[in-house]
Amino acid sequence: MSGPESGTTGGDWGEGRDRRGRGGSGGAASDDAVIGPGYYGIPAIHKPHWKWLIIFYFYFGGIAGAAYAVATIADAVGASEDRRIGRIGRYLSFAALLPSPILLVLDLGRPERFFLMFRVLKLRSPMSLGTWGLTAFGGFSALSVAAQAAVDGRLGDGFVGRRAQQLPIQALGVAGTPLALFVAGYTGVLLAATAVPLWTKRALLLGPLFLASAFSSAVSAIELIVALMPSTPAATRHRLTRLGVSTLFAEAAIFIAWRNGLGPTGRPLGEGATGRVVRLGVVGGGIALPLVLQAVASVTTGGFARILSVVSSVSVLAGGLALRYVVVVAGNTSADDPRATLGMTAADGAPERLSTH
Amino acid sequence: MTLSTSDRSPLTGTTGARAGALGFLTDVSLCIGCKACEVACKQWNQLPADSGTGITGLTGFSYDNTVDLGATTWRHVAFVEQAATTVDRTWEAPGAPGSPTAWLMLSDVCKHCVHAGCLEACPTGAIVRTEFDTVVIQQDVCNGCGYCVPACPFGVPQLGDTDRKAHKCTLCYDRLVDGLEPACAKACPTESIRFGPIAELLPRALDRVEQLQERGVAGAHLYGDRAIGGTGGMEGLNALFVLTAPPEVFNLPAAPELPQRKVLPALVSTAIAAVAFILGSGAALRGRR
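Residues numbered from 1 in each chain as written. Chains lettered and ligands numbered in written order. Predicted model: local features only at pLDDT ≥ 70, side-chain atom pairs only at ≥ 80, totals over all residues.

(A) Focus on the overall build of chain A. Helices and strands together make up the secondary structure of chain A, namely 14 helices and zero strands. Reading chain A from its N terminus to its C terminus gives the helix and strand order α-α-α-α-α-α-α-α-α-α-α-α-α-α. Sorting the 357 residues of chain A into buried and exposed places 60% on the buried side. Pairs at least 24 apart in sequence give 73% of the contacts found in chain A among residues at least 6 apart. (Helix = DSSP H or I, 4+ residues; strand = E, 2+ residues; numbered from the N terminus. Buried ≥ 20, exposed ≤ 12 C-beta atoms within 10 Å, placed from the backbone. Contact = placed C-beta atoms within 7 Å.)

(B) Quick look at the overall build of chain B. Helix and strand counts for chain B stand at seven helices and ten strands. Contacts in chain B between residues at least 24 apart in sequence constitute 67% of all its contacts with a sequence separation of at least 6.

(C) Geometry of the UniProt feature "transmembrane region" (unreviewed entry) in chain A. Residues and elements named next belong to chain A. Following the UniProt record, one finds the feature "transmembrane region" (unreviewed entry) at residues 56-79, 91-109, 129-151, 172-199, 205-228, 240-258, 278-297 and 304-327. Structurally, residues 129-151 comprises 100% helix and 0% strand, and the distance from its first C-alpha atom to its last is 33 Å. The span residues 278-297 shows a helical share of 100% and a strand share of 0%, and its end C-alpha atoms are spaced 25 Å apart. (UniProt positions renumbered as here; feature names shortened; annotations may be inferred.)

(D) Representation of helix H1 (residues 36-45) of chain B. Ala36, Cys37, Glu38, Ala40, Cys41 and Lys42 of chain B are the residues of H1 of chain B that are buried. Gln46 of chain B sits one or two positions beyond H1 of chain B and adopts a positive phi of about 55 degrees.

(E) Spotlight on the confidence of the model for chain B. All names here are of chain B. Residues of chain B with pLDDT of at least 70 account for 88%, and the chain-wide mean is 89. The low-confidence segment residues 1-6 (pLDDT under 50) makes twelve contacts with residues lying over four places distant or belonging to another chain. pLDDT under 50 marks residues 87-95. Its contacts with residues more than four places away, or in other chains, come to 26 contacts. Predicted as a complex, the structure gets a pTM of 0.89 and an ipTM equal to 0.91. (pLDDT = per-residue confidence, 0-100.)

(F) Seen up close, the confidence of the model for chain A. Residue and element names in this part refer to chain A. Residue-level pLDDT values for chain A average 87, and 87% of them are 70 or greater. Confidence drops under a pLDDT of 50 for residues 1-36, and excluding neighbours within four residues, the segment shows 93 contacts in the predicted structure. Of the regions scoring below 50 in pLDDT, residues 349-357 engages in 24 contacts with residues more than four places distant in sequence or in other chains.

(G) Seen up close, the nonpolar core. Counting residues in each nonpolar core, the largest one holds 193 residues, and the members touching the most others are Ala67, Val70, Ala218 and Ile222 of chain A together with Leu240 of chain B. Leave out the neighbours within four places in its chain, and Leu240 of chain B touches Gly23, Phe24, Leu25, Leu201, Leu202, Ala205, Leu222, Tyr223 and Gly224 of chain B. (Core = buried A, V, L, I, M, F, W, Y, C linked by C-beta atoms within 7 Å.)

(H) View of the environment of Leu191 of chain A. All names here are of chain A. For Leu191, the location among the structural elements is in helix H7 (residues 169-192). For Leu191, a count of 27 C-beta atoms within 10 Å gives the class buried. Taking the C-alpha atoms as reference points, Leu191 and Thr341, separated by 150 residues in sequence, lie 15 Å from one another. What Leu191 contacts, discounting residues up to four positions off in sequence, is Trp199, Leu206, Val327 and Gly331.

(I) Helix H7 (residues 263-285) of chain B, seen in detail. Taking 1.5 Å per residue as the helical rise, H7 of chain B with its 23 residues ought to reach 33 Å, and the 32 Å between its terminal C-alpha atoms agrees with that figure. Buried residues belonging to H7 of chain B abut helix H2 (52-77), helix H5 (126-151), H7, helix H9 (203-228) and helix H10 (234-262) of chain A. (Expected span 1.5 Å × (residues − 1).)

(J) A look at the sheet that holds strand S1 (residues 22-27) of chain B. Residue and element names in this part refer to chain B. The sheet built from four strands is open, its strands ordered S8-S1-S10-S9 with mixed pairing. Strand pairing shows two members of the sheet lacking a second neighbour, strand S8 (193-197) and strand S9 (221-223), which therefore form its edges. Taking the axes of each pair of neighbouring strands and ignoring which way they run, one obtains an average angle of 25 degrees across the sheet. Pairing between S9 and strand S10 (residues 239-243): three bridges, direction antiparallel. The partner of Leu222 across the bridge, within S10, is Val242. Across the sheet, helix H6 (residues 198-214) is in contact with S1, S8, S9 and S10; its angle to S8 comes to roughly 135 degrees. (Pairing = 2+ DSSP bridges. Axes fitted to C-alpha atoms, helices over the stretch in contact; angles between N-to-C directions.)

(K) Molecular detail of the pairing of S1 of chain B. All names here are of chain B. The buried count for S1 comes to six of six residues, which makes it a mostly enclosed element. Taking every second residue as pointing to the same face, both faces of S1 are buried, with Leu22, Phe24 and Thr26 on one and Gly23, Leu25 and Asp27 on the other. Here S1 pairs with S8 via five bridges, running antiparallel. Within the sheet, the bridge partner assigned to Leu22 lies in S8 and is Pro197. Where S1 lies against S10, four bridges are found, and the strand directions are parallel. Note that in S10 the partner of Thr26 across the bridge is Phe241.

(L) View of the packing of H10 of chain A against H7 of chain B. Running from N to C, H10 of chain A and H7 of chain B cross one another at 150 degrees; their axes reach a closest spacing of 8 Å. The angle between H10 of chain A and H7 of chain B places the two elements in the roughly antiparallel class. For the pair H10 of chain A and H7 of chain B, the sense of crossing is right-handed. Of the residues in H7 of chain B, those touching H10 of chain A at Arg239, Arg242, Leu243 and Ser246 of chain A are Gly280, Ser281, Ala284 and Leu285 of chain B. When the residues that make up the contact of H10 of chain A with H7 of chain B are grouped by side-chain class, the tally is three nonpolar, three polar and two charged. (Parallel < 35°, antiparallel > 145°, perpendicular 65-115°, else oblique. Left-handed = near helix turned anticlockwise from the far one by under 90°. Nonpolar A, V, L, I, M, F, W, Y, C, P; charged D, E, K, R; others polar.)

(M) The arrangement of unusual backbone geometry in detail. Residue and element names in this part refer to chain B. Of note, the phi angle at Leu171 is positive, near 50 degrees, even though the residue is not glycine. Within the element layout of this structure, Leu171 appears in the loop between strand S7 (166-167) and helix H4 (173-176). A count of 27 C-beta atoms within 10 Å places Leu171 in the buried class. Its identity is not glycine, yet Asn251 carries a phi of approximately 65 degrees, on the positive side. Counting through the fold element by element, Asn251 comes out in the loop between S10 and H7.

(N) Local environment of the packing of H2 of chain A against helix H4 (residues 99-107) of chain A. Residue and element names in this part refer to chain A. The contact between H2 and H4 brings their axes to 9 Å, and the two run at 155 degrees. Our classification of the angle between H2 and H4 gives roughly antiparallel. As H2 packs across H4, the resulting crossing turns out to be left-handed. When H2 is examined against H4, the residues Leu53, Ile54, Phe56, Tyr57, Phe60, Gly61 and Ala64 are found in contact with a partner set consisting of Pro99, Ser100, Leu103, Leu104, Leu106 and Asp107.

(O) Fine view of the environment of Gly33 of chain B. Residues and elements named next belong to chain B. One can find Gly33 in the loop between S1 and H1. Between the C-alpha atom of Gly33 and that of Ser269, which follows or precedes it by 236 residues, the distance is 48 Å. Beyond its immediate chain neighbours, meaning those up to four positions away, Gly33 contacts Tyr63, Val77, Phe79 and Met105.

This is the structure we're talking about:
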């Protein structure tokens, strides 16, 4: 990478730009090195300031939403002995949701002004939609967990406990699930609707990818809790594993489609420390290892199978966090790369010409 | 796609700017790199100097020491050094030994897009469109969420280091309401920066492009109409540029896109995936009741 003095050849501009990126034909511009466009390698766009607070929010928000959805589905179609899936899902959803607004407010440049988010609702701003969606979902999650706690006798039989017992758990779940799914997936849309090459290049797949990861993480968290609880029926565990494995296959398919669709824009996902986290964390730990462990566990029995299942769940949970990490970090890397930005926005739509070297 | 005037797209020279829109026309062929616009902007808007890099505060990128637009730099003069043969100056023998270095200087600024990514992204409504069709961040509303920063295809808004709120060019809103032109345009000694109604600036820009091409600057073109620069749903820019080299030379995207175009399709694809996950989960969890 170098400054424009050695690389750009504006003379091609009028006749066809396909030769740009090479040195001029002789004369003072004798530098034949193939150089990308841009201005001294300075980033053409600004990357966001988002770091760990947002990465953890993406993670916890996803688990909260997907766990709520799984709880509702388990209530609706599960066997009577599967009640505990719904119960665990509601507690898990609320627990994962609790840190979310705190993480979001702390990430603001001016946290004391967080309430200004509630001035407007803007349908074309995923962050505005997310603010309202998360708030509304928070209400459902809180009511559902209160109802569950009352059923479990944790709220006593005072005024609050009696009121909470009257809450319609299943109806709340059905009404809150669309919001739960929105919370689990909109963060991918939020990233896709930016100028950051790695996020916007395959904009249609980032929301589904985050949703898939949210499901796999939430199911694994429920599996983990179930595995640590005594006396869970084998049939319940079997059904949970079936869901977890199929979710992982879906996540793998979406991830592969997204990763391959990025082309050269996805280069930051394969390089350096981020590349290692992609290979070992997202693909290895998050998808491949759990699938292998579950396959082995399916042909073994007893305590060993349970240990494999626990390791598998922990691995998926780590992989989900790794996915949010690499998407955010690699996105920032691509925003800093003027070849990626200017290549994607080239007038002749030939990103490869500009973004490879 | 070629962008010479002989092969004009039907959108060349058009803009979706609203009637009465005010804006800039910045002409690279007239800029002498004096940075009076940068200084006038900082003075009027009380912006601090940029600290620069290293011990000297000098970047080594030609005479450019402000590097790019940011929270405290709302006009940025880019200095591009090119061999003369590469800027298509046909009055010089191409490739002649010892041919001089050509200098391109461009005063970059917020584009005040007709449809602005920053404005649409802003979740607090802090970023508004003014009565002059310009885009302004209300500092008493911004809470520093930072979403406008990656939502701008031109890399304009940025969070301030000290107050952690988003800042960018206001097109001197406070001067406009008093009938004054923006400080940068006022200070420009060569009228490389012109201020006025887009309806007047656009034909002036096209005339200038034609004039430059007649003089042999084949690469001269307008940046910021619906055909180039103000593309992909932005419907034009309220800061137009006459460029004599490809936009990328100045770190400007040739065909940027309004990021919010992706919101609805991405929400729909996510909703489809959500339905699939619901059905799949239902199938996996189904048991005898």
